[in-house]
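An overview of the molecular structure
Below, each chain spelled out in residue letters.
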4 protein chains.
Amino acid sequence: MTTAKASVLEQFNQPLQLREFALPAQLEPGAALVRTEMAGICGTDVHLWKGQLPVALPLILGHETVARIERLGAGLERDWTGQPLKIGDRVAWNSAVSCGQCYYCAEKRQPTRCPQRRAYGIGYRCDQPPHFFGGYAEFHYLWPRTHIFRLPDDLPTESLVGAGCALITAIHGVERTGIAWRDNVVVQGCGPVGLAALAVAKSAGAGKVIVIGGPKHRLELAKKFGADHVIDLDEVRDAKSRLEAVRQLTGGYGADVVLECVGIPAAFVEGAEFCRDGGKYLVLGHYCDAGTVAFNPHVITRKQLQVFGSWSSEPRHLRAAIEFLRRTQKEFPFHELVSRRYPIEQANEALQAMANWQVAKSVIVPA
Amino acid sequence: MTTAKASVLEQFNQPLQLREFALPAQLEPGAALVRTEMAGICGTDVHLWKGQLPVALPLILGHETVARIERLGAGLERDWTGQPLKIGDRVAWNSAVSCGQCYYCAEKRQPTRCPQRRAYGIGYRCDQPPHFFGGYAEFHYLWPRTHIFRLPDDLPTESLVGAGCALITAIHGVERTGIAWRDNVVVQGCGPVGLAALAVAKSAGAGKVIVIGGPKHRLELAKKFGADHVIDLDEVRDAKSRLEAVRQLTGGYGADVVLECVGIPAAFVEGAEFCRDGGKYLVLGHYCDAGTVAFNPHVITRKQLQVFGSWSSEPRHLRAAIEFLRRTQKEFPFHELVSRRYPIEQANEALQAMANWQVAKSVIVPA
Amino acid sequence: MTTAKASVLEQFNQPLQLREFALPAQLEPGAALVRTEMAGICGTDVHLWKGQLPVALPLILGHETVARIERLGAGLERDWTGQPLKIGDRVAWNSAVSCGQCYYCAEKRQPTRCPQRRAYGIGYRCDQPPHFFGGYAEFHYLWPRTHIFRLPDDLPTESLVGAGCALITAIHGVERTGIAWRDNVVVQGCGPVGLAALAVAKSAGAGKVIVIGGPKHRLELAKKFGADHVIDLDEVRDAKSRLEAVRQLTGGYGADVVLECVGIPAAFVEGAEFCRDGGKYLVLGHYCDAGTVAFNPHVITRKQLQVFGSWSSEPRHLRAAIEFLRRTQKEFPFHELVSRRYPIEQANEALQAMANWQVAKSVIVPA
Amino acid sequence: MTTAKASVLEQFNQPLQLREFALPAQLEPGAALVRTEMAGICGTDVHLWKGQLPVALPLILGHETVARIERLGAGLERDWTGQPLKIGDRVAWNSAVSCGQCYYCAEKRQPTRCPQRRAYGIGYRCDQPPHFFGGYAEFHYLWPRTHIFRLPDDLPTESLVGAGCALITAIHGVERTGIAWRDNVVVQGCGPVGLAALAVAKSAGAGKVIVIGGPKHRLELAKKFGADHVIDLDEVRDAKSRLEAVRQLTGGYGADVVLECVGIPAAFVEGAEFCRDGGKYLVLGHYCDAGTVAFNPHVITRKQLQVFGSWSSEPRHLRAAIEFLRRTQKEFPFHELVSRRYPIEQANEALQAMANWQVAKSVIVPA
């Protein structure tokens with residue numbers, strides 16, 4: 001086998017094109033070539049496809065991938081945790097790698113803000129060899145220094161792809177925020193990030209967790225993931241009633257911690273109100289620039305809020321996610337989010353299913 | 001002496017009226033009657049006078065007062081630090097007292113958000129005995145449980161009144177934010193709160209401190225208080241140039257910590273930009289509701305900011321302030337802010353001088 | 001009914017004496033008289049009985065009590081959370097009350113170190129009216145300012161008494177230490193404090209929890225409470241083997257967090273070794289002075305440890321405990337610890353059962 | 001010039017030998033060859049010389065060095081802060097480099113505990129080319145990935161060498177401990193680490209700082225560095241009196257923070273007593289294993305202490321130190337510690353002067 005298929009984004013808002021690229025004849029030391037087992041479609045992929053983020057084309061999308069090792073470059077003998085790596089091992093990896101040396105990496109310990117950081121499925125053009133830098137393809141090339149993790153046998157591929165980058169994003173965000181034992185938590189939103197934030201909050205010691213969102217089938221999932229209360233946006237339509245509902249569920253005070261997983265500017269203003277005085281607010285859903293909203297900074301001063309932002313995740317979060325998923329499959333059935341499988345030839349359909357919110361999560365399974 | 005004079009706010013936006021009230025014949029146990037030595041005019045007093053905050057009239061303004069003990073109620077023998085109290089001692093006190101028992105006081109340790117909290121000079125009408133609940137008067141009544149501090153002899157009255165409630169507000173705010181050793185800091189604003197924040201930041205381990213504000217005479221004060229750089233709003237008039245200036249002074253990254261001491265909504269948006277990625281932002285100046293501003297929450301997520309609000313202060317902050325002022329009079333000459341003295345009969349003029357920004361700080365010194 | 005029975009410690013190491021005391025004719029404002037429903041025997045009671053702690057006799061032991069309101073003093077209308085209180089309500093309360101005003105309470109926010117703090121069942125002699133200051137009695141007098149909590153109907157009395165002061169002690173200790181999400185934890189000891197620490201750690205986000213202790217029936221309980229691994233002191237008898245076992249279970253590094261719940265000095269030395277470099281160590285079990293041990297401080301420097309002590313608990317910990325117990329009865333069956341019931345007349349037998357480690361927890365149930 | 005001189009430790013407890021080694025003909029990419037300007041003698045060098053630490057011989061000692069760039073390997077164009085590097089630039093560097101990839105570096109963010117970490121002047125034998133891995137030599141070889149810092153012109157070499165590794169050790173230690181604004185601090189010890197801890201504490205916001213140590217000439221230095229009080233071990237000889245003195249200076253409570261900079265086990269026990277209840281204790285001086293001491297763990301529980309260890313330092317600490325020294329030469333005259341200069345031929349004498357405590361700091365200045 002000297003070539004392999006990939007589904008390529010060549011023009012924004014146009015169908016992905018099925019292309020064939022040459023597989024690398026030789027790997028540089030420390031690199032790996034892996035064979036895609038399952039590639040998740042992330043909501044961000046929809047934004048990328050629409051051209052809402054500044055990326056260079058042509059591009060193979062996909063940054064939530066599980067694969068099996070096909071070839072190992074010289075010197076690559078162990079995964080990031082020290083486990084030996086061999087041909088056929090099932091692996092996952094961090095989609096982005098930071099430089100480890102710069103001001104943000106080493107001085108300020110904010111490696112997710114490293115200016116040299118680039119992500120598979122987002123930041124690499126595919127028209128130069130070795131081409132395979134995204135998940136929507138039969139193979140994937142992993143640069144040296146990629147943080148690779150050999151997956152434990154008892155962790156289904158669906159769990160990890162179902163959790164996707166939403167889970168590690170939520171883990172990082174909750175880490176930055178800090179949930180105290182038995183804190184009351186409001187999660188705004190019940191898309192993949194909201195569900196992940198719910199799971200992390202519950203497992204991190206939260207008391208009551210209230211999820212606000214929709215549509216109904218997602219709120220059902222939220223209940224399955226342990227939400228103590230759900231507030232349906234289709235039923236409680238005005239912000240004032242939602243605030244009242246939150247207060248009633250939190251002894252009249254508001255929540256200790258609010259986790260914003262929506263990405264709509266108005267949600268930011270509403271979420272700050274959900275906090276009790278002295279409470280914490282994580283603004284996690286605003287990955288894209290969705291514009292401004294009329295906000296009163298007096299709220300932050302008067303309520304003595306703590307507001308946190310969090311961007312992407314670090315390798316240790318993926319490490320923790322793998323162990324977490326392995327041990328909590330019953331409480332947090334992330335594998336159930338994988339609701340529809342597509343062959344690589346139907347990558348367009350997979351992407352549209354996500355764009356239309358038809359599914360919790362669609363995935364690509366190369367034949 | 002059975003009566004004493006007070007300057008009373010009877011109607012918003014109207015001149016204060018000089019009134020005479022009966023002094024209490026007897027003190028309840030734990031209370032004190034003190035004779036005003038100096039009362040500061042705070043910027044908040046101007047807002048109160050204009051009716052911009054919800055208070056009940058008639059009202060004796062003044063919550064930054066130094067006085068001498070005239071009479072002590074039964075059982076009041078020591079100040080909050082355990083020092084003995086006697087007639088003639090010079091004292092200061094926290095203007096507000098929290099209940100110590102409620103959800104915010106005891107459960108969440110946010111006593112400044114105690115719903116029963118009331119402040120001298122703001123929250124007590126003066127038409128009921130014992131009347132004297134504000135600084136603009138010859139005497140002041142201190143309820144039982146007021147946190148009284150006997151002042152050390154080597155601390156001039158002008159230092160404490162010059163620092164006013166701005167200093168303890170800044171101490172609380174910086175405590176909540178946390179400045180790491182050698183952090184670069186931007187202070188937005190150089191009114192009393194800005195100068196106090198500068199002093200606290202410098203003495204709390206900050207590296208470079210940049211003050212942005214005006215007018216010139218206040219920036220000169222900022223330099224005297226140790227500002228490493230000042231940016232004059234009258235000279236650098238557009239936000240873009242100011243951002244560039246801050247970046248240039250911080251290695252291109254922005255500040256580790258930004259302290260907002262302005263109270264104008266637009267400053268909030270600008271300050272968030274001054275932060276480096278992963279930086280901290282204290283929103284301290286928004287005591288009054290000054291309306292909304294167009295804000296993009298994406299900034300918080302992308303830059304991984306930490307944003308903090310802080311409201312008022314606790315007794316321990318006044319305790320620390322007294323010790324701090326005593327030991328750092330040379331580095332931080334707060335006494336120089338007391339630029340004009342007025343007798344009680346000219347309380348209106350004192351207030352107008354603050355309203356017109358003619359002085360750093362005007363004070364009332366009853367004859 | 002004008003008198004009631006109590007079991008009184010009159011001489012150390014001698015049988016408790018059944019005495020009759022007068023019930024108060026009238027309650028002071030804010031106080032309450034409650035009728036004992038169940039009183040737990042704590043391990044500390046055994047130390048008190050042996051005279052190993054400095055207390056004044058005669059004394060009614062018992063600081064883990066659930067009771068029903070018999071009479072309410074004037075003004076006592078709500079519990080600490082704001083719920084209305086009425087005759088017949090089932091309640092619990094914090095055994096100790098801090099002054100709220102002193103250096104440790106208000107300045108340093110360490111109310112458990114308040115020098116005026118006194119605890120029911122420990123710090124009040126019973127030979128002065130109103131006598132009833134301990135749990136081993138038919139009634140209990142609650143001073144004004146006692147933090148009373150009305151118990152929810154779906155929380156069995158056995159849960160709260162079974163958890164006892166061990167649970168709130170553990171909650172406070174873990175709060176001071178901070179367990180990060182998915183941290184590996186070692187619990188040294190599986191008495192009441194060890195089991196409680198296990199429950200708090202598991203519910204606070206810990207990953208793997210390893211319990212080291214004995215005897216076997218307690219390790220069985222530990223497994224029931226969710227311990228991922230147990231190490232039986234009767235089987236792994238030397239410290240070196242235990243260290244090796246812990247390392248093997250933690251990737252070779254040692255635990256992120258070690259919780260000492262033993263109280264024997266040698267355990268302190270061993271526990272420091274269980275920590276990974278940069279790990280955290282909570283020294284929670286050393287309530288009594290059990291003497292010294294040969295310790296090498298170099299360990300703290302070289303391993304970059306963080307070591308925390310924690311003393312007793314605050315009202316908010318009891319509040320959280322009540323809610324926690326109510327919601328997690330299945331995962332953490334504290335009620336099963338209540339293994340034997342005694343009438344007040346057999347208080348001696350109840351105490352001896354604890355002294356001899358015959359039971360997990362014995363309790364007194366006045367007829 | 002093809003060879004250069006170095007003073008070599010060939011046998012423990014024997015005089016260093018002056019040797020000549022070949023300079024490298026060519027540098028590997030990213031490496032640098034620098035010419036020693038001044039090399040500090042650290043107290044650790046004395047321990048190394050005595051064979052008290054496990055190192056391999058032969059060894060060129062010296063890990064506190066300032067030098068000028070002689071040659072630059074391919075690709076080494078900028079220092080760690082992004083400043084351009086050129087021949088002749090005066091530089092300093094971190095003596096140890098961590099791997100950046102392992103469990104401690106990347107997962108737990110404790111890079112000073114990286115198992116692959118090796119330090120110049122300690123961890124490299126000099127019998128293999130390029131030989132020059134320590135400060136006691138005319139030249140020094142810097143491996144690729146060494147964190148190099150170009151020194152600002154207004155920072156005297158004596159300041160940095162005088163501060164030595166003591167300063168960056170103290171910076172790291174105080175960072176881990178956290179000194180709150182106006183905290184009272186006790187520093188145990190007034191050797192180089194104690195003086196550095198004093199300087200960092202004062203500049204980090206401490207209120208009163210009390211230094212305990214000797215001999216007199218060092219306590220004089222401590223006063224020069226801003227100590228508010230000194231306690232002379234030669235005058236206050238018993239631990240009880242010292243504890244009383246500390247309590248008297250801290251309102252009867254003990255210090256908020258105690259910094260141990262001694263390295264003698266008995267000091268650990270004494271220091272824990274100096275803390276107020278709920279206070280913090282940094283065990284910083286125990287770099288060598290100096291054996292055990294009888295310690296009572298009950299102290300940690302009862303006093304609710306927080307005890308921290310800290311090991312070595314990270315590149316960001318050196319970066320901060322350089323900026324700090326540059327800006328605070330008047331307040332903290334570290335250059336004055338450089339009390340005697342020796343040519344490379346008299347390295348033995350330089351070392352003995354430190355061993356005999358004759359000087360604050362001796363240094364080697366190759367001709």
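Small disclaimer: the values here were computed from a predicted structure and weren't measured. Counting restarts for each chain, with residues numbered from 1 along the sequence as it is written. Working convention: letters from A go to chains and numbers from 1 go to ligands, in the order in which they are written. Residue-level local features of this predicted model are given only where pLDDT is at least 70; pairs of side-chain atoms are given and counted only at 80 or more, and the full residue set underlies all totals for whole chains, interfaces and linings. Excluding hydrogens and water, the side-chain figures rest on all heavy atoms present in the structure.

1. Section: the side chain of C:Lys208
To qualify as a helix, a DSSP run of H or I must reach at least 4 residues; to qualify as a strand, a run of E must reach at least 2; elements of each kind are numbered from the N terminus. Locating C:Lys208 in the fold gives a position in the loop between helix H4 (192-203) and strand E12 (209-213). A:Glu323 is the oppositely charged side chain nearest to the buried, salt-bridge-free C:Lys208, at an N-O distance of 5.7 Å. Counted as a polar contact is a pair of N or O atoms within 3.5 Å, where, for protein atoms, one must be capable of donating a hydrogen and the other of accepting one, and residues adjacent in sequence contribute only when both atoms are in side chains. A polar atom in the side chain of C:Lys208 sits 2.9 Å from the backbone oxygen of C:Leu249. Any two residues whose heavy atoms approach within 4.5 Å at even a single point are treated as in contact. If sequence neighbours within four positions are ignored, C:Lys208 has contacts with A:Arg327, C:Asp183, C:Asn184, C:Val185, C:Asp228, C:His229 and C:Leu249. Between buried and exposed lies partly exposed: a residue is buried under 20% and exposed over 50% of the maximum accessible area for its type, with that area taken using a 1.4 Å probe on protein chains only. Charge convention: Lys and Arg are scored as positive, Asp and Glu as negative, and His as well as the terminal groups of each chain are ignored. For salt bridges, the criterion is a side-chain nitrogen of Lys or Arg within 4 Å of an Asp or Glu carboxyl oxygen.

2. Quick word on the domain arrangement of chain A
All names here are of chain A. Each domain's extent was defined by an automatic or database domain assignment. Examined at the domain level, chain A breaks down into domain 1 (3-156 + 329-364) and domain 2 (165-309). Once you take the C-alpha centre of each, domain 1 and domain 2 turn out to be 29 Å apart. Counting residues at the interface gives 16 residues for domain 1, matched by 19 residues for domain 2. Summing both partners gives a buried area of about 1400 Å² for domain 1 against domain 2, and 70% of it is carried by carbon and sulfur. Buried area: the accessible surface (1.4 Å probe) lost by two parts on joining, summed over both. Of all residues in domain 1, Phe332, Phe334 and Trp357 give up the largest surface area on contact with domain 2, accounting jointly for 35% of the area buried on that side. One can count one salt bridge joining domain 1 with domain 2. Across the pair Lys224 and Glu336 runs a salt bridge, and its minimum N-O distance is 2.7 Å. At the surface where domain 1 touches domain 2, the tally comes to three residue pairs in polar contact (both at pLDDT 80 or more).

3. Here we look at the interface of chain A and chain B
With 42 residues of chain A at the interface, the matching set in chain B holds 42 residues. The tally of links between chain A and chain B comes to four salt bridges. B:Arg113 serves as the salt-bridge partner of A:Asp277, at 2.7 Å between the closest nitrogen and oxygen. Where chain A packs against chain B, one counts 29 residue pairs in polar contact (both at pLDDT 80 or more). Those elements giving two or more residues to the side of chain A that touches chain B turn out to be helix H2 (103-107), helix H3 (157-177), helix H7 (265-274), strand E14 (275-283), strand E15 (293-295), helix H8 (298-303) and strand E16 (306-309) of chain A. The element best represented in the side of chain A that touches chain B is H8(A), accounting for five residues. Each residue belonging to the side of chain A that touches chain B can be placed in one class, and the counts come to 18 nonpolar, 14 polar and 10 charged. Lys, Arg, Asp and Glu make up the charged group, whereas Ala, Val, Leu, Ile, Met, Phe, Trp, Tyr, Cys and Pro make up the nonpolar group; the residues left over, Gly among them, are polar.

4. With respect to the interface of chain D and chain B
In this complex, chain D contributes 15 residues to the contact, which on the side of chain B involves 15 residues. Regarding the contact of chain D and chain B, the summed buried area is about 1300 Å², with carbon and sulfur atoms giving 55% of it. When residues of chain D are sorted by the area they lose upon contact with chain B, D:Trp181, D:Arg182 and D:Arg327 head the list and together hold 54% of the total. Where chain D packs against chain B, one counts two salt bridges. For B:Arg327, the salt bridge is made with D:Asp228, and the minimal N-O distance between the two is 2.4 Å. Contributions of two or more residues to the side of chain D that touches chain B are made by helix H4 (192-203) and helix H9 (315-327) of chain D. For the side of chain D that touches chain B, the class distribution of residues is six nonpolar, three polar and six charged.

5. Some details on the pairing of strand E5 (residues 65-72) of chain B
Across a regular strand the side chains alternate sides, sitting on one face of the sheet and then on the other. All names here are of chain B. Here strand E3 (residues 32-40) runs beside E5; their pairing, made up of seven bridges, is antiparallel. Looking at the pairing, Ala32 lines up with Leu72 of E5. Relative to strand E6 (residues 90-93), E5 runs antiparallel, the two being bridged by two bridges. Its bridge partner lying in E6, Ala67 is registered against Val91. Here the rule is simple: two strands pair whenever DSSP picks up at least two bridges between them.

6. A word on H4(C)
Residues and elements named next belong to chain C. Taking 1.5 Å of rise per residue, 12 residues should cover 16 Å, and H4 covers 17 Å from first to last C-alpha, within 8% of that figure. With nine of 12 residues buried, H4 lies mostly within the body of the structure. Burial in H4 covers these residues: Gly194, Leu195, Ala196, Ala197, Leu198, Ala199, Val200, Ala201 and Ser203. Buried residues along H4 sit against helix H3 (157-177), strand E11 (185-188), E12, helix H5 (216-224), strand E14 (255-260) and helix H9 (315-327). Helix span, as expected, comes to 1.5 Å for every residue beyond the first.

7. Side note on the relation of the copies chain D and chain B
There are two copies of the chain, and a rotation about an axis plus a shift along that axis relates them. By a simple turn and slide, chain D fits onto chain B: the slide is 0.0 Å along the axis, the RMSD is 0.0 Å, and the turn is 180°. Both chain copies can therefore be described as sitting about a two-fold axis. Here 100% of the contact residues of chain D are again contact residues in chain B; the copies associate through an equivalent surface. Overlaid copies result from least-squares superposition on C-alpha atoms, with residues included only where pLDDT is at least 70 in both.

8. Focus on H4(D)
Among the structural elements, helix H3 (157-177), strand E10 (185-188), strand E11 (209-213), helix H5 (216-224), strand E13 (255-260) and H9 of chain D are those in contact with the buried residues of H4(D). Downstream of H4(D) by a residue or two, D:Gly205 has a phi angle that is positive, lying close to 110°.

9. Some thoughts on the pattern of salt bridges
Overall, the coordinates contain 100 salt bridges over all chains when judged by the stated rule. The partner of B:Asp228 in a salt bridge is B:Lys202, with the nearest N and O atoms 2.9 Å apart. In this pair, B:Asp228 sits in the loop between helix H5 (216-224) and strand E13 (229-232) while B:Lys202 sits in helix H4 (residues 192-203), placing the two residues 26 residues apart along the sequence. Through salt bridges with shared partners, one network takes in A:Asp154, A:Glu323, A:Arg326, A:Arg327, C:Lys202 and C:Asp228.

10. Side note on the confidence of the model for chain A
Think of pLDDT as the predictor's per-residue confidence, scored from 0 to 100. The predicted model of chain A has a mean per-residue pLDDT of 96, with 100% of residues at 70 or higher. At the level of chain-chain contacts, confidence expressed as ipTM amounts to 0.96, with global pTM at 0.96.

11. A closer look at the environment of A:Gly205
With respect to the element layout, A:Gly205 can be found in the loop between helix H4 (192-203) and strand E11 (209-213). Each C-alpha atom of the pair A:Gly205 and A:Ser98 lies 31 Å from the other, and the pair is 107 residues apart in sequence. Ignoring anything within four residues of it in the chain, the contact list for A:Gly205 reads A:Ala180, A:Trp181, A:Arg182, A:Asp183, C:Ser203, C:Ala204 and C:Gly205.

12. Re the sheet that holds strand E12 (residues 209-213) of chain B
Read from one edge of the open sheet, 12 strands run E12(A)-E11(A)-E10(A)-E13(A)-E14(A)-E16(A)-E17(B)-E15(B)-E14(B)-E11(B)-E12(B)-E13(B), paired in mixed fashion. Two strands close off the open sheet at either side, each with one partner strand: strand E12 (229-232) of chain A together with E13 of chain B. Neighbouring strand axes in the sheet, compared pairwise and without regard to direction, differ in orientation by 15° on average. Taken together, the four bridges between strand E15 (residues 275-283) of chain B and strand E17 (residues 306-309) of chain B define a ladder with parallel strand orientation. By the bridge assignment for E17(B), B:Lys280 is matched with B:Gln306. Fitting a line to C-alpha atoms yields each axis, with helices limited to the stretch in contact; the angle taken between N-to-C directions then spans 0 to 180 degrees. Against the sheet, helix H6 (residues 239-249) of chain A engages strand E10 (185-188), E11 and E12 of chain A, with an angle of about 170° to E12(A).

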